[in-house]
Amino acid sequence: MGEGRDIQVSNEPPVRRAPAATPPAESPAAARWDPAGGLAALRGLLARPLASYYLLLSSAGLLLLIGLTMVFSATSVRDYAEGGDAAASLTKQTVFAVIGVGAFWACQRLPARTFRAVSRPALGVAVALLLLLNLLVALESLFGVASIGPLKGELLSLSLGPISLQPAEVAKFALVLWAAHVLARKGAALGWWRELATPLFPVVGLIFVLVGYNDLGSMLCLLALVVGLLWAAGVRARVFAALSAIGLAGIGLLVAAASLGAGSGSRDAENYRLGRLTMWLEPPDPQTCIELKLENCYQPIMARYAIGNGGWFGVGLGQSVFKWDWLPEAHNDFIFAIVAEELGVVGCTVILVLFAVLAYTGMRIARRVEDPFRRLAAAGVTAWLVGQAVINIGGVTGLLPLTGVPLPFISDGGSALVVTLAAIGMLASFARAEPDAARALNARPPARWVRLVWAPLPPLPGRRRRPAPPPADRGPVPRSRQRRQDDQAATRGARSDRARAGAANERRR
């Protein structure tokens, strides 16, 4: 059995070895976040097909929720003191938010051809509303006619009974649609001044005059919109230089027009637009501003005090002191100061980051879509919303002259909120039409009820109509109309096989 195997038996007890020491668990303090891994994860998230769509929904939705919260915080004291209902303004703003969400839902379902089809009627409606508003304002200032039947015109809005509308907000959206349609149709011909001068510049100039005569801030938002459109269209730098000179001259004329009664000015009073500019360039002593309540510096000074009172983390939501009638228009143009006071630098940073995400998403959509109209309209809407936010925040913080424009999504105002959400809905439609997003949605389509209730499937990119079948053979082709075999691939220009010299009859052939 052993077959020569030597078996040695040892009488020594077995030696017990100590178990291998397990490496100590890495403490949370020692664990370090890998920046390269975090950036790779972020790139992976942004590389997903529907990243633009979800970024747009999340940034706009969070801004809308923050806006409703801050409107309630800024207006509750005033509403309770005036009517006994602290949530009156919140209820009204919520109703407009619901209408705006409906506009968002309708616009995100529409294709690009529908937006192009309604661009001209929308522009016509906007111009008609602006003309009617200016006519009513002129009748009131010249002849004391306050209204025509139930229709009443204030400085910035038209009122038909309880319904109020700001035509300047409608003009922003209409100008985006019409200008994007015109520029997309012209294409490569935009390098010529003649193509830009007709019909883009006359219509834009008319809207600038109709809006800027009463509202210089909204005119500056329209200017940012047009600049974004022309930049996305690839207009030459010298055209931008010429337009900048013309724009500065136009702004100077509108500032001077306040002495003639433009906006809220009057012939007997000081030019308030020029006063805002000079107060920004050479601010007076804050104590003098507060004691005398100077018109052009009282609001900016109180806004800066509110921002300073907030500090890093704010005094707490709803605990603002300056909303107790210390800061005029705290719920509208200066709501960012209330945000800074109650939420501090942290809250302001959150709002700025959300607007930065919105700007990045809009430019991402404009860069990824293939249709020129979608690209131009996305760039125009992004320049409009982000430019308006910059103008408002710059005026509240003192970095820019005060113009009096609302902060998108945050300020109290129904017309601005509805039109803004409609523009976001159009951007959402364009985000779903990105090539990668369209392929992903068509590859794994959602349920049918989701497509019916939320949004239909976008068309696949690059789809072309099937080529028409060749015509039936009608018999032999005459020899004079037959195409030579060696000329089929040649261009219509000069051919290398045809000599310039030769007899006249050969050249005619």
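> Report on the overall build of the chain, specifying residues and quantitative values.
Of the regular secondary structure elements, the chain holds 19 helices and four strands. Taken over 509 residues, the chain has a buried fraction of 39%. Roughly 29900 Å² of accessible area belongs to the chain as shown, and the carbon and sulfur atoms make up 62% of that amount.

> Go over empty space enclosed by the protein with me, naming the residues and quoting the values.
Summed over all chains, the structure comprises two cavities of 30 Å³ or more. Of the volumes computed, that of the largest cavity is approximately 150 Å³. Broken down by secondary-structure element, the contributors of at least two residues to the lining of the largest cavity are α11 (272–281) and α13 (298–310). Grouping the constituent residues of the lining of the largest cavity by class yields eleven nonpolar, three polar and two charged. Considering the residues around the second largest cavity, the lining is formed by Asp333, Phe334, Ile391, Asn392, Gly395, Val396, Leu402, Thr403, Gly404 and Val405. Residue classes in the lining of the second largest cavity are distributed as five nonpolar, four polar and one charged.

> So what about the nonpolar core? Which residues, and what values?
Counting 104 residues, the largest nonpolar core has Ile207, Leu327, Phe373, Trp384, Phe409, Ile424 and Met426 as the members making the most contacts within it. Leaving out residues up to four positions away in the same chain, Ile424 has contacts with Leu56, Ala60, Phe104, Leu358, Leu385 and Phe409.

> So what's going on with the packing of aromatic side chains? Residues and values would help.
Applying the stated criterion across every chain, the model contains four aromatic pairs. Look at Tyr53 and Tyr54: their rings are 5.7 Å apart centre to centre, the planes differ by 65 degrees, and that puts the pair in the edge-to-face class. With a relative accessible area of 4%, Tyr53 lands in the buried category. Summarising the aromatic geometry, the rings of Phe104 and Trp454 are spaced 6.2 Å apart at their centres and angled 50 degrees between planes, so their arrangement reads as tilted. Taken together, the positions of Phe104 in helix α3 (residues 88–108) and Trp454 in the loop between α18 (448–453) and α19 (504–508) put the pair 350 residues apart, joining distant regions of the chain. Here the aromatic residues Phe115, Phe373 and Phe430 are joined through ring pairs into a cluster of three or more. Over the ring of Tyr53 we find Arg432, and its NZ or CZ is 5.6 Å from the ring centre.

> Which residues make up the packing of helix α5 (residues 119–143) against helix α6 (residues 167–186), and what values do they have?
To describe two helices that pack against each other, one gives the angle between their axes and the distance between the axes. For the pair α5 and α6, the least separation of the axes is 8 Å and the interaxial angle reads 145 degrees. Considering how the two elements wind past one another, α5 and α6 form a crossing that is left-handed. Residues Ser119, Arg120, Ala122, Leu123, Ala126, Leu129, Leu130 and Leu133 of α5 pack against Pro167, Ala168, Val170, Ala171, Ala174, Leu177, Trp178, His181 and Arg185 of α6. Across the contact of α5 with α6, the residue classes break down as 13 nonpolar, two polar and two charged.

> Give me the sheet that holds strand β4 (residues 163–165): which residues, what numbers.
Here four strands make up an open sheet; going across it, the order is β1-β2-β3-β4 and the pairing antiparallel. Strands with a single pairing partner mark the edges of an open sheet, and in this sheet they are β1 (147–148) and β4. With three bridges connecting them, strand β3 (residues 158–160) and β4 associate as antiparallel partners. Within β4, the position partnered with Ser159 by the bridge is Ser164.

> So what's going on with the packing of helix α15 (residues 372–397) against helix α16 (residues 414–432)? Which residues, and what values?
Across the interface, α15 lies against α16 with an axial gap of 10 Å and an inter-helix angle of 145 degrees. As α15 runs across α16, the sense of the crossing is left-handed. Contacts between α15 and α16 involve Phe373, Arg374, Ala377, Ala378, Val381, Thr382, Trp384 and Leu385 from the former and Val419, Thr420, Ala423, Ile424, Met426, Leu427 and Phe430 from the latter. Residues of the contact of α15 with α16, tallied by class, amount to twelve nonpolar, two polar and one charged.

> Just give me the short version of the environment of Ala112, but keep the residues and values in it.
Relative to the assigned elements, Ala112 resides in helix α4 (residues 112–117). Accessibility expressed as a relative area gives 6% for Ala112, which makes it buried. The sequence separation of Ala112 and Asp371 amounts to 259 residues, and the corresponding C-alpha distance is 8.6 Å. When sequence neighbours within four positions are dropped, the list of residues in contact with Ala112 reads Asp371, Phe373 and Arg374.

> How would you explain a nonpolar patch on the surface if you had to name every residue and give the values?
A contiguous nonpolar patch, built from Trp312, Phe313, Val345, Val346 and Val350 and spanning about 540 Å² of accessible area, is present on the exposed surface. Within the fold, Phe313 resides in the loop between α13 and α14 (335–368).

> Break down helix α9 (residues 216–233) for me, with residues and values.
An ideal rise of 1.5 Å per residue puts 26 Å on 18 residues; α9 measures up with 26 Å between its terminal C-alpha atoms. Considered for burial, the residues of α9 that qualify are Leu216, Gly217, Ser218, Met219, Cys221, Leu222, Leu225, Val226, Gly228, Leu229, Leu230 and Ala232. In this structure, the buried residues of α9 make contact with α6, α7 (193–197), α8 (200–212), α10 (237–257), α11 and α15. By the N-cap criterion, in which a side-chain oxygen at the helix start approaches the backbone nitrogen of a residue two or three places on, α9 is capped by Asp215, the distance to Gly217 being 3.4 Å.

> Lay out α15 in plain terms, naming residues and giving numbers.
The first and last C-alpha atoms of α15 sit 37 Å apart over 26 residues, in line with the 38 Å expected at 1.5 Å per residue. Counting buried positions along α15 yields 21 of 26 residues, so the element is predominantly enclosed. Among the residues trailing α15, Gly398 stands out with phi positive, at a value near 90 degrees.

> Give a detailed account of unusual backbone geometry, specifying residues and quantitative values.
Backbone geometry at Glu329 places phi at a positive 55 degrees, although glycine is not the residue there. Tracing the chain through its elements places Glu329 in the loop between α13 and α14. Positioned with a positive phi, Phe409 is a non-glycine residue whose angle comes to about 70 degrees. The class of Phe409 is buried, set by a relative accessible area of 4%.

> Give a detailed account of the side chain of Ser157, specifying residues and quantitative values.
Note that Ser157 resides in the loop between β2 (151–153) and β3. Residues contacting Ser157, with those up to four places away along its chain left out, are Leu133, Lys152, Ser164, Leu165, Gln166 and Pro167.

> Quick rundown of the pattern of salt bridges? Include the residues and the values.
Oppositely charged side chains are able to pair whenever their charged atoms sit close together. This structure, assessed with the given rule, holds five salt bridges. Note that Glu342 and Lys323 form a salt bridge whose closest N and O atoms lie 3.6 Å from each other. With a gap of 19 residues between them, Glu342 in helix α14 and Lys323 in the loop between α13 and α14 connect regions that are remote in the sequence. The exposure class assigned to Glu342 is buried, which follows from its relative accessible area of 1%. Look at Lys323 and you get buried, because its relative accessible area is 7%.

Rules used throughout
Residues numbered from 1 in each chain as written. Predicted model: local features only at pLDDT ≥ 70, side-chain atom pairs only at ≥ 80, totals over all residues. Heavy atoms only, no water. Helix = DSSP H or I, 4+ residues; strand = E, 2+ residues; numbered from the N terminus. Buried < 20%, exposed > 50% of the residue type's maximum accessible area, 1.4 Å probe, protein only. Areas by Shrake-Rupley, 256 points an atom, 1.4 Å probe, with all protein chains shown as cover. 1 Å grid on protein atoms, 1.4 Å probe; cavity = no way out; pocket = protein on both sides within 12 Å on 5 of 7 lines; lining within 4 Å. Points joined across faces, edges and corners; volume = space filled by probe spheres on them. Nonpolar A, V, L, I, M, F, W, Y, C, P; charged D, E, K, R; others polar. Core = buried A, V, L, I, M, F, W, Y, C linked by side-chain atoms within 4.5 Å. Contact = heavy atoms within 4.5 Å. Phe/Tyr/Trp six-rings, centres within 6.5 Å; stacked < 30°, edge-to-face > 60°. Lys NZ or Arg CZ within 6 Å of the ring centre and 35° of its normal. Axes fitted to C-alpha atoms, helices over the stretch in contact; angles between N-to-C directions. Left-handed = near helix turned anticlockwise from the far one by under 90°. Pairing = 2+ DSSP bridges. Patch = residues over 30% accessible without salt bridge, like charges linked within 9 Å, V, L, I, M, F, W, Y side chains within 5 Å. Salt bridge = Lys/Arg side-chain N within 4 Å of Asp/Glu carboxyl O. Expected span 1.5 Å × (residues − 1). Polar contact = N/O pair within 3.5 Å; in protein donor to acceptor, adjacent residues only side chain to side chain.

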